[in-house]
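Here's the letter readout for the chains.
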Amino acid sequence: MIAVRVVACFAFVGFSATIHAALAPAERALVEWVEGKQEDMISLLEKAVKVSSPSEDLAGVRAMHEVFAAELKTIGLTPTWVPLPAGSKRAGHLFAERAGSRGKRLLLIGHLDTVLPGGTFTRDGNVGRGSGTNDMKGGDVVLIYALKALHAAGALEGAQIIVAMTGDEESIGDPVEVSRAPLIAAAKRSDIALAFEGGRAGEGTVARRGASSWWLEVTGPTGHSSGIFSAAMGSGAIYEAARILEGFHTELRKLPGLTANVGMLAGGATVKQEPFTMTATGKNNIIPASTIAMGDLRAISPEQLAQAEAVMREVVAKTRPRVQATLRVAHRYPPQASEPRHLEVLAVLDGVSRDLGQGPVVANNAAQRGAGDSAFAAPHCAVLDGLGPSGTGAHAERETVDLKSISTQAARAAVLIYRLTR
Ligand SMILES: [Zn+2]
């Protein structure tokens, strides 16, 4: 997933001979190597985008794995395909690793899947178009070419690097505990996780909102409408659901940075719920026996998420007589709050960016960044995301990437990894 707001297309400062003066000779060599590979990077992006790999397309995600695994194999990493159980309805993940003990142990995070199906790539000057160009096959190419630059310079020697490209980042396989276990295990063996989702100019992602889903079910007695408000019949399931939702609206809006959407609602004499459809039956003069509502919840910290859930349960618990209400909350992507260890990595990136003449990099605002895989790593190691290229229209038909930013970001990532693994 990528920024909540559409990431604005921004111009990256191009390479120039003068800015390289602030770099150590070995770092300068990395940047120059990347400069010479701009067309190779675009070719790899084209190859990747031409593989249609929405999360639900198991064969497509597996084919995407083959493309990137072949690249990683050429630079001394050992790729492994980690399949997910059939019940998850998701393909699996690409992991690749090299062993070492020098400097920080790094976990580099990408993903193989896209929201929309694709399969076509078009290039118009510095703009690449197609599903996954921005989110995030462009970022995967940045990750791979940063490693290739380091490999070409012999600078990977002695470093522990784990690459994790999940196959279900855009729509996580159930149960989350199973589908994210390999990523969490890799984070536990790492000091720092660097993630290559698209970024904003001058901003590093150290905090992001999570994503949870909730379902509210209200039931009560049904009968002739003339009996409503009586002690025997109560007020019906629809009035009760309305009371609860109004309570959510009043109470949850008090938590800064939190959002809670009601996505669908159905009430009546009977309600049938399917994954993305609800069907209700009823009449004007029948007291509704059932109401179902569902929505999501996006918090900026684990503490805020716990507080929001407690507030919701409190509202639900105040049920009127004769009705029953149950609330189910499923946590998908955890929120990631900013922490000093994330900011320490950001400070290293800030230094690299300045030395490259790309200007300072500051911490992002959690409320402006959507859920993502780096949040699963964050409890276990330092995390920095947003290292990918810039683009527009993620999760939409019109998705594009700024092709120039792929090479500038790859050069920046190569120097960052170099400094972290000394
Ligand atoms: Zn993404």
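Residues numbered from 1 in each chain as written. Predicted model: local features only at pLDDT ≥ 70, side-chain atom pairs only at ≥ 80, totals over all residues. Heavy atoms only, no water.

Draft legend 1. Structural view of the overall build of the protein. Per the secondary structure count, the protein includes 11 helices and 18 strands. Its C-alpha atoms give the protein a radius of gyration of 24 Å, within 12% of the compact-globule value 22 Å for 422 residues. C-alpha extents for the protein along the principal axes are approximately 85 × 40 × 40 Å. Every one of the 422 residues in the protein was classed for burial, and the buried ones make up 54%. Here the contacts in the protein between residues at least 6 apart in sequence split such that 80% fall between residues at least 24 apart. Only carbon and sulfur atoms are counted for the fraction: they give 56% of the accessible area of the protein, which is about 16,800 Å². If you average the places of the 43 positive and of the 42 negative side-chain charges in the protein, the two averages end up 2 Å apart. (Helix = DSSP H or I, 4+ residues; strand = E, 2+ residues; numbered from the N terminus. Rg over C-alpha atoms; globule rule 2.2 N^0.38 Å. Buried < 20%, exposed > 50% of the residue type's maximum accessible area, 1.4 Å probe, protein only. Contact = heavy atoms within 4.5 Å. Areas by Shrake-Rupley, 256 points an atom, 1.4 Å probe, with all protein chains shown as cover. Lys, Arg positive; Asp, Glu negative; His and termini not counted. Charge placed at Lys NZ, Arg CZ, Asp CG, Glu CD.)

Draft legend 2. Examining the pairing of strand β13 (residues 290–298) more closely. The element β13 is extensively covered by neighbouring structure, given that 8 of its 9 residues are classed as buried. In terms of strand pairing, strand β9 (residues 211–219) meets β13 through 8 bridges, oriented antiparallel. Along β13, the bridge assignment pairs Glu217 with Ile292. Taken together, the 9 bridges between strand β10 (residues 259–268) and β13 define a ladder with antiparallel strand orientation. Bridge assignment links Asn261 to a residue of β13, and that residue is Asp296. (Pairing = 2+ DSSP bridges.)

Draft legend 3. Quick look at the side chain of Gln160. Checked against the element boundaries, Gln160 lands in the loop between α4 (133–152) and β6 (161–166). Under the relative-accessibility criterion, Gln160 is labelled buried at 11%. Within the structure, Gln160 has its side chain in polar contact with the backbone oxygen of Arg189 (distance 2.9 Å). Once residues within four sequence positions are removed from consideration, Gln160 is found in contact with Arg98, Ala99, Gly100, Ser101, Lys104, Arg105, Leu106 and Arg189. (Polar contact = N/O pair within 3.5 Å; in protein donor to acceptor, adjacent residues only side chain to side chain.)

Draft legend 4. Looking closely at the nonpolar core. Ranked by size, the top nonpolar core spans 68 residues in total, and within it Phe68, Leu108, Leu147, Ile161, Val163 and Leu194 carry the most contacts. Of all the elements, helix α11 (residues 403–420) adds the most residues to this core, at 11 residues. When sequence neighbours within four positions are dropped, the list of residues in contact with Ile161 reads Leu77, Ala96, Glu97, Arg98, Leu106, Leu108, Leu147, Leu156, Ile417 and Thr421. One finds Ile244, Phe248, Leu252 and Leu297 within the second-largest nonpolar core, a separate group that totals 24 residues. (Core = buried A, V, L, I, M, F, W, Y, C linked by side-chain atoms within 4.5 Å.)

Draft legend 5. Focus on the layout of surface pockets. Space inside the largest pocket adds up to approximately 940 Å³. Along its surface, the largest pocket is lined by 29 residues, and Ser171, Ser213, Trp215, Phe276 and Arg332 are the ones closest to its centre. Residue composition of the lining of the largest pocket, grouped by class: 11 nonpolar, 9 polar and 9 charged. (1 Å grid on protein atoms, 1.4 Å probe; cavity = no way out; pocket = protein on both sides within 12 Å on 5 of 7 lines; lining within 4 Å. Points joined across faces, edges and corners; volume = space filled by probe spheres on them. Nonpolar A, V, L, I, M, F, W, Y, C, P; charged D, E, K, R; others polar.)

Draft legend 6. Focus on the sheet that holds strand β16 (residues 382–384). If you walk across this open sheet you meet the 6 strands as β1-β2-β6-β3-β7-β16, and the pairing is mixed. Bordering the open sheet on either side are β1 (78–83) and β16, each of which pairs with just one other strand. Each neighbouring strand pair of the sheet contributes to a mean axis angle of 20°, computed without reference to strand direction. Bridge analysis of β1 against strand β2 (residues 92–98) gives 6 bridges, and the strand direction is antiparallel. Considered in β2, the bridge of Pro83 is made with Gly92. α11 rests against β3 (106–111), β6 and β7 (192–195) of the sheet, and its axis sits at about 175° to β7. (Axes fitted to C-alpha atoms, helices over the stretch in contact; angles between N-to-C directions.)

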